[in-house]
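A look at the structure
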Amino acid sequence: MKETDLKSLLRGMARNAVRLEIGGEINAEIGRFGGRPDVPPGFVWPFFDTDTFDDTTVKPRPLSFLAQFDCAALAPLDLDGLLPHEGVLSFFYELYSQRWGFGPEDTGCSRVFWFPDQTVLCPAEFPAELDGFCRLPPLPIYGKPEPDHPDYDDAALALGKAEGELDLDAFEAVRFTLSGEKNTPSHKLLGWPDIIQTSMTMQCELVSRGHYLGGGWNIPEADLLAAEQTSLDGWRLLFQLDSGVQTEDFSLDFGDSGSIYFYIRKEDLAARRFDRVWLILQCC
């Protein structure tokens, strides 16, 4: 594919993202990482039944509160108007087990809540079972709008190309001219994911069809074909949180310097069905 064709392809696939910086100001303050989440009366803290890396007992474990966003403050940065324009959007994840999102049994390891009426929200108390490590320090989140272009794997999926059919070096050179150097760490709302392993939309679609993907893909051809044809357009990145959030006495790491990605179907985003978000963890 010629360089001009690659540029045209990437420009045509561009999506608007909100680039985030945690703990350092780049533009408008739009939310908070960590601390105690603001929740409505009657809120029930989410738990997930799991074992952990150092405890083989399966039991309910509280999710950690990761971040919340003020939707009204976020609205001017959401150039496509995809997110709610009022209330608070909050993200939780169970940090001790750090599930990968390989199969339906990971349902509940992450949760996203939208609280439309911000006036009734008050800081929640942490569950007694939530260890200190999982109580993240409060840090401001700042954001700015930014055009975002797909990584190689998502672009190849969009073109229906097998691995190697799209020249990687040429693709990366063109992507760099359009997007510049990738941010490290990379946190964002919307846009395209910064992929560490492979494209994730097919994983979201196949898991939603009940398939487990952790031990190799033994998937019926019909489901594979449907996922290839529909998943890239049907599933969208909602929130990407990278390793590398640090303070003097705290450091957040997902796997081996990885990232977590909250995905949502387009129709669920439009319907504000944030209970249907799917989380995937990738690392090196």
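This write-up is about the structure you can find in this document. A quick note: this is a predicted structure, and the numbers were derived from the prediction, not measured.

Cut-offs used in this document
- For every chain, the first residue of the written sequence is number 1, and numbering continues from 1 along that sequence.
- Where local features are concerned, this predicted model is filtered to residues with pLDDT of at least 70; where side-chain atom pairs are given and counted, the filter is 80 or more; whole-chain, interface and lining totals use all residues.
- The side-chain values count all of the structure's non-hydrogen atoms but skip hydrogen atoms and water molecules.
- A pair is scored as a salt bridge if a Lys or Arg side-chain nitrogen falls within 4 Å of a carboxyl oxygen belonging to Asp or Glu.
- Each residue's exposure class comes from its accessible area (1.4 Å probe, protein chains only) as a fraction of the maximum for that residue type: buried when under 20%, exposed when over 50%, partly exposed otherwise.
- The way it works is that DSSP assigns letters per residue, a run of H or I at least four long becomes a helix, a run of E at least two long becomes a strand, and they are numbered from the N terminus.
- Two strands pair under a simple rule: DSSP has to find at least two bridges between them.

Moving on, we get to the pattern of salt bridges. Summed over the entire model, instances satisfying the criterion amount to 17 salt bridges. Between Asp 233 and Arg 236 there is a salt bridge; the shortest N-O distance is 3.3 Å. On the basis of relative accessibility, which here comes to 44%, the residue Asp 233 falls in the partly exposed class. Of the charged contacts, one joins Arg 276 and Asp 268 as a salt bridge, the two residues approaching to 3.1 Å between their closest N and O atoms. Since its relative accessible area comes to 42%, Arg 276 is described here as partly exposed.

With that out of the way, let us pick up the pairing of strand β15 (residues 259-265). Counting buried residues along β15, six of its seven residues qualify, which places the element largely inside the surrounding structure. Examined bridge by bridge, strand β12 (residues 235-242) and β15 share seven bridges and lie antiparallel to one another. For Leu 241, the partnering residue across the bridge sits in β15 and is Ile 260. Note: β15 against strand β16 (residues 278-282), five bridges, orientation antiparallel. Bridged to Phe 262 within β16 is Leu 279.

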